[in-house]
Amino acid sequence: MKRIYIPVAWELVFVIATIIWPKQAFHLFFGFYFGLLTYFYFIYKQFSFRKLYKNFGRVTGFWIPVAATFIGLILASKLRMLLSSQFSFNIDEGAVSIIVHNDIVPTFFYALMMIIIKPVSEELFFRKALIRFDNKKQTICFTIISLILCALTRAHGPLGILEWAVMALPVTIAYIATKNIYISVMAHVLFEFYDNIYEVVYTVGRILNR
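Predicted model only: the values in this text are computed from it and were never measured.

Focus: the layout of surface pockets
By volume, the largest pocket amounts to about 500 Å³. Elements with a minimum of two residues in the lining of the largest pocket: helix H4 (59-87), helix H5 (104-129), helix H7 (158-178) and helix H8 (181-208). Top element by residues in the lining of the largest pocket is H8. It accounts for six residues. Grouping the amino acids of the lining of the largest pocket by side-chain chemistry returns 13 nonpolar, five polar and eight charged.

Concerning the packing of aromatic side chains
All chains considered together, the criterion is met by 24 aromatic pairs. Ring centres of Phe47 and Tyr182 lie 5.3 Å apart, and the angle between their planes is 50 degrees; this geometry places the pair in the tilted category. Of the two residues, Phe47 is situated in the loop between helix H2 (25-43) and helix H3 (49-55) and Tyr182 in helix H8; the sequence distance between them amounts to 135 residues. The class of Tyr182 is buried, set by a relative accessible area of 8%.

So, the side chain of Gln46
Secondary-structure assignment places Gln46 in the loop between H2 and H3. Other than its neighbours up to four places away in sequence, Gln46 contacts Arg3, Phe40, Tyr41, Leu124, Lys128 and Tyr182.

Quick notes on the environment of Leu149
Turning to its location among the elements, Leu149 is positioned in helix H6 (residues 136-152). Residue Leu149 is classed as buried on the basis of its relative accessible area, which comes to 17%. On a C-alpha basis, the gap between Leu149 and Ala129 in space is 12 Å, while along the polypeptide they are 20 residues apart. Those residues within four positions of Leu149 in sequence are excluded, and the remaining contacts are Val8, Glu11, Phe126 and Leu130.

Here we look at the environment of Leu190
With respect to the element layout, Leu190 can be found in helix H8. Residue Leu190 is classed as partly exposed on the basis of its relative accessible area of 34%.

What to know about the nonpolar core
One finds Phe29 and Met113 to be the most contacted residues of the largest nonpolar core, which totals 57 residues. Sorting the residues of this core by element identifies helix H1 (5-20), H2, H4, H5, H6, H7 and H8 as the ones contributing at least two each. Per-element tally for this core: the top contributor is H5, with eleven residues. Among all residues touching Met113, those that are not within four sequence positions of it are Phe26, Phe29, Phe30, Tyr33, Ile98, Lys118 and Pro119.

Remarks on the pattern of salt bridges
One pass over the structure, following the stated rule, counts three salt bridges. Lys118 is the partner of Glu122 in a salt bridge, and the nearest nitrogen-oxygen pair spans 3.4 Å. With a gap of four residues between them, Glu122 and Lys118 both fall in helix H5, about one helical turn apart. Both residues of the pair, Glu122 and Lys118, belong to the buried class. The closest approach of N and O atoms between Glu192 and Lys118, which form a salt bridge, is 2.8 Å. With Glu192 in helix H8 and Lys118 in helix H5, the pair connects residues that are 74 residues apart, well separated along the chain. For Glu192, a relative accessible area of 5% corresponds to the buried category.

About the thresholds
- Residues numbered from 1 in each chain as written.
- Predicted model: local features only at pLDDT ≥ 70, side-chain atom pairs only at ≥ 80, totals over all residues.
- Heavy atoms only, no water.
- 1 Å grid on protein atoms, 1.4 Å probe; cavity = no way out; pocket = protein on both sides within 12 Å on 5 of 7 lines; lining within 4 Å.
- Points joined across faces, edges and corners; volume = space filled by probe spheres on them.
- Helix = DSSP H or I, 4+ residues; strand = E, 2+ residues; numbered from the N terminus.
- Nonpolar A, V, L, I, M, F, W, Y, C, P; charged D, E, K, R; others polar.
- Phe/Tyr/Trp six-rings, centres within 6.5 Å; stacked < 30°, edge-to-face > 60°.
- Buried < 20%, exposed > 50% of the residue type's maximum accessible area, 1.4 Å probe, protein only.
- Contact = heavy atoms within 4.5 Å.
- Core = buried A, V, L, I, M, F, W, Y, C linked by side-chain atoms within 4.5 Å.
- Salt bridge = Lys/Arg side-chain N within 4 Å of Asp/Glu carboxyl O.

Quick look at the structure:
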């Protein structure tokens, strides 16, 4: 439990900073996710490329759960958009917008953050570090905490928190069901690639042809 005190405090600072300096959200997000990745990967050694590679050869035990989680993330994304369209006029969303400068270098760092740094760091913190399996009540309690903390990084209003908690459900369920962080990490990375690559390629093409 001791290892979560610093990242929880780090998130608190991050959330307050996004409220005070919303126009600096891109830099704040990059610093937040990079800080989490550094903490859990370099300091606590919570991720191993060797173990990830070993999972690649397991079709039933790895790739099928990854595919199911990926589909779940797509469905959750559609549900999030539905919730937003139905209730955003009546309930505060409080979503944090990530504004990127229209140039190649910021676009590259945006892609790096969204497709690699963000999903890996979120899984290491919100799933592996937070969720406990000592008993059923503890698992339920820490799962709810992890969903709320994960949602708070992207929104401050009640509707936005609900939307992003919904988005975190598929990877949370995958981790609880399999207790294999590499399944949720891979599914999350693949989804972020799917969700962001078109916009990144389009932006780069537009910049190069302007």
